[in-house]
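Here's the letter readout for the chains.
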Amino acid sequence: MKKLYISTVAATLLLAASCKTDFENSTEDVVVTSGEANFSKYVSLGNSLTAGYRDGALYADGQNESYPSMIAKQMQSAGGGEFKQPLMPDNNGGLLLTLPTGNIQIADTKRVITGFSGGTPTIAFANDNKAATISNTVLTGPFNNMGVPGAKVSHLLAHGYGNVQGILAKTANPYFVRFASSPTTSVIQDFLAQKPTFFSLWIGNNDALLYALAGADDTVEKLTPADQFGTYYNLLVSQIKTSGAKGVIANIPNVTTIPSLTTVPYNPLTAKLLGKGDVNVGNATIDQLNSSLYGPLNQILTALGAGDRIKPLSKTTTNPLLIFDESLPNLGNAITTAALASGNPQLMALAPYLGATYGRARQAKSTDLIPLTTSASIGTAATLPPGIPASLSARGVAYPFEDKYIVTSTEATAIDTAINSYNVIIKKAADDNGYAFVDANAKMVELNSASGIQWDGVRYSAKFVTGGAFSLDGVHLTGRGYAIIANEFLKAINTKYKSNLPMISPNSYSGVTFP
C-alpha cells in the first residue's frame, strides 16, 4: 500500500452544481443518421487511451467502457456493425509472460482504494498484485479496438510488434501479442486487413508521456523529436489513407497538466511528517537536519552566490523536496573546497561527499512536477557510501531526488514544446487528408479550468480522485472521463460528415470506486 501526499478528498464524485450541461446535443429524441459516412466497419487505432486502460491496468470492465466501444454503440443505430475488443479475462488486470523457467509478471494489476487516512486515500494493487492473464495466449480476431497500451506512433508501423519473443527485449508489446494476427505483422497491417469503412486515431501521447512519467530522464525514456514524430505520423496516416475509410483524428493533451503530474505538491514536508517517523530520516529532527546539512549548505552556497538553492527547513510551514537538477551549474568542487576550509570537523569529514551529492541539488519549486509514483519514494533510504550518517539517506529530504523522480520546470517546458509541435503535425494531417479533427488538448484545458465541465448537474474536472474524469493512475480516464472524450469524437464526426449520432451521458458510466 502507499499513501499519497495530496489534499483531503471527499468520499463522493458526484459534485452537483446545476442542471446546466456543457454538451450540445441531447441524448434523447435524436433522429440518428450516418450522413456522408459509412459506419458498417469501424476500427479504432491508438494506445492505452483507446484500449480503455484505467487505474494502471487493462481489465475487462475498463475495456467495456473504452471510448471507441461507446462510439460504436452510437454508430450501431446508424448502420454500424459489431465492435469486438480483445478483452482481458478478469477485472484485476496485469500480465504474466510464460518462459521455459516459468511465469514472470510483466505488468501490475489495477490500483484500488482500500481506505482513507485523514482524508487521504490509501491506494493498493488489486489481488495483492498477483496477475493471472498470460500474455502469450493469442486471441482469435480480428478486433475492432486496436488500442495498444504503451504504443508510440512508430510502434503502430513496426513489424514484429506482436511477437512474443520480443517482449523482454522491448521490441514487441505484450498487449499486441494477445491479438496480433501473426508474430510478423504490424498494427497498421492488421488494421488495413479488416478493410474498415470508418476509423478513429488517437496516438502520440506516449511519445511525450512516457518520458514525463520517467522524470524526463533520458537514460530511462526518450522524448520523441518533433521531426521524427512527424515522419512516423505522416507515414501512418498515409497508410490509413489507402484503406479509403473516412475517419476522425485527435490531438494530444498536454501531459504536464494531468493529475499524475500535478497532484503531489512540490512542498509536502512538514514538521509533523518528519517528526512522527513517517519518513526515514534516521530519527533526525528538523533542528538536527538544519544543523548538520541545510544550514552549512546554505552558508556555503550563499558565499558562492547560490544561496537560493537550499534554505533551512521550517517548523511552521511546508517545506519543498530536495531534488537534483542537471540543468544547474555544478558547484560540487566549490562545495568540497569550502567544507574542507570550514574548520568544522564534521563538515571536513563529509566534504567530498557533500560536493559529489549536492553540487546540482536544490529545493523544488512550484513549477517543478512531482509524479504520483514519486510519492511512495519520499523518505526512502538511498544507498550511501560507508561512513555517511544514515540521517542523510532520506530521498527528497536529505538526499536529492534523482532525475527520474522529478520533472523540473526546464524539462516540463521542453515536453510542452514538443507536444505543441506534435499537435501542429496532427492537425495538418487531419486537414490535408479531409478527416474530422478532435481537439483533445482543448478538452483537457477545459477540465483543468476552475469550472470544469458539467453534464446534467454533475461537474467533472481534472482533479485527482474527486474530479470524476481521471482514474487512480492519474493518467487514464474513468468510464465517465472516456464518455466525455467519446462525445468530443461524436461531435467532430457529426460536424465533418453531416451525421447525427447522439451524444453519450457520462453520468451513466463508472467513476472511481470507493471501498
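Given the structure is predicted, the values throughout are model-derived calculations rather than measurements. (Residues numbered from 1 in each chain as written. Predicted model: local features only at pLDDT ≥ 70, side-chain atom pairs only at ≥ 80, totals over all residues. Heavy atoms only, no water.)

(A) Representation of the packing of helix 3 (residues 67-75) against helix 16 (residues 479-497) within the structure. At their nearest, the axes of helix 3 and helix 16 sit 8 Å apart, and the two run at 50 degrees to each other. As summarised for this structure, helix 3 and helix 16 are arranged oblique, according to the angle between their axes. The element helix 3 and its partner helix 16 pack so that their crossing is right-handed. Note on element contacts: helix 16 touches helix 3 through Gly479, Tyr482, Ala483, Ile485, Ala486, Phe489, Leu490 and Ile493, opposite Tyr67, Met70, Ile71, Gln74 and Met75. For the contact of helix 3 with helix 16, a count of residues per class yields eleven nonpolar, two polar and no charged. (Axes fitted to C-alpha atoms, helices over the stretch in contact; angles between N-to-C directions. Helix = DSSP H or I, 4+ residues; strand = E, 2+ residues; numbered from the N terminus. Parallel < 35°, antiparallel > 145°, perpendicular 65-115°, else oblique. Left-handed = near helix turned anticlockwise from the far one by under 90°. Contact = heavy atoms within 4.5 Å. Nonpolar A, V, L, I, M, F, W, Y, C, P; charged D, E, K, R; others polar.)

(B) Just empty space enclosed by the protein, in detail. Throughout the structure, instances matching the rule amount to three cavities of 30 Å³ or more. Computed from the structure, the largest cavity encloses a volume of approximately 200 Å³. Lining the largest cavity we find 20 residues, and of these Leu49, Pro253, Met444, Phe470 and Val475 sit closest to its centre. Elements with a contribution of two residues or more to the lining of the largest cavity: helix 1 (48-51), helix 15 (440-448) and helix 16. Of the residues forming the lining of the largest cavity, the biggest block, four residues, is contributed by helix 15. Each residue belonging to the lining of the largest cavity can be placed in one class, and the counts come to 14 nonpolar, five polar and one charged. Of the residues that constitute the lining of the second largest cavity, the class distribution is five nonpolar, four polar and one charged. (1 Å grid on protein atoms, 1.4 Å probe; cavity = no way out; pocket = protein on both sides within 12 Å on 5 of 7 lines; lining within 4 Å. Points joined across faces, edges and corners; volume = space filled by probe spheres on them.)

(C) Quick peek at the packing of aromatic side chains. The final tally for this structure, using the stated rule, is 17 aromatic pairs. Feature note: the residues Phe39, Tyr42, Phe83, Phe198 and Tyr497 constitute an aromatic cluster, connected by ring pairs. The ring of phenylalanine 143 has lysine 84 lying over it, and the distance from NZ or CZ to the ring centre is 5.3 Å. When the ring centre of phenylalanine 437 is taken as origin, the NZ or CZ atom of lysine 427, which lies over that ring, is 5.2 Å away. (Phe/Tyr/Trp six-rings, centres within 6.5 Å; stacked < 30°, edge-to-face > 60°. Lys NZ or Arg CZ within 6 Å of the ring centre and 35° of its normal.)

(D) Fine view of the pattern of salt bridges. A full pass over the atoms with the stated rule returns twelve salt bridges. Its salt-bridge partner being glutamate 221, residue lysine 152 comes within 3.4 Å of it at the nearest N-O pair. One end of the pair, lysine 152, is in the loop between strand 8 (145-147) and helix 4 (174-177); the other, glutamate 221, is in the loop between helix 6 (206-213) and helix 7 (226-241), and 69 residues separate them in sequence. For lysine 443, the salt bridge identified is with glutamate 488, shortest N-O distance 3.2 Å. Of this pair, lysine 443 sits in helix 15 while glutamate 488 sits in helix 16, and the two are 45 residues apart along the sequence. Glutamate 488 carries the same exposure label as lysine 443, and that label is buried. (Salt bridge = Lys/Arg side-chain N within 4 Å of Asp/Glu carboxyl O. Buried < 20%, exposed > 50% of the residue type's maximum accessible area, 1.4 Å probe, protein only.)

(E) The arrangement of helix 15 in detail. Among the residues of helix 15, Ala440, Asn441, Lys443, Met444 and Leu447 are the ones counted as buried. Viewed along the axis of helix 15, the buried residues span an arc of 160 degrees, placing them on a single side of the element. On its buried face, helix 15 sits against strand 9 (198-202), helix 14 (409-433), strand 13 (436-438), strand 14 (453-455), strand 15 (458-460) and helix 16. (Arc of directions from axis to C-beta.)

(F) Spotlight on the layout of surface pockets. Roughly 1,500 Å³ of internal volume is contained in the largest pocket. Taken together, 39 residues line the largest pocket, and the ones lying closest to its centre are Tyr53, Gly150, Leu210, Leu213 and Glu221. Looking at the lining of the largest pocket, the elements with two or more residues in it are strand 5 (102-107), helix 4, helix 6 and helix 13 (372-375). Sort the elements by how many residues they give to the lining of the largest pocket and helix 6 lands first, with four residues. Counted by class, the lining of the largest pocket contains 23 nonpolar, nine polar and seven charged residues.

Spatial relationships are all this shows, so hold off on functional conclusions.
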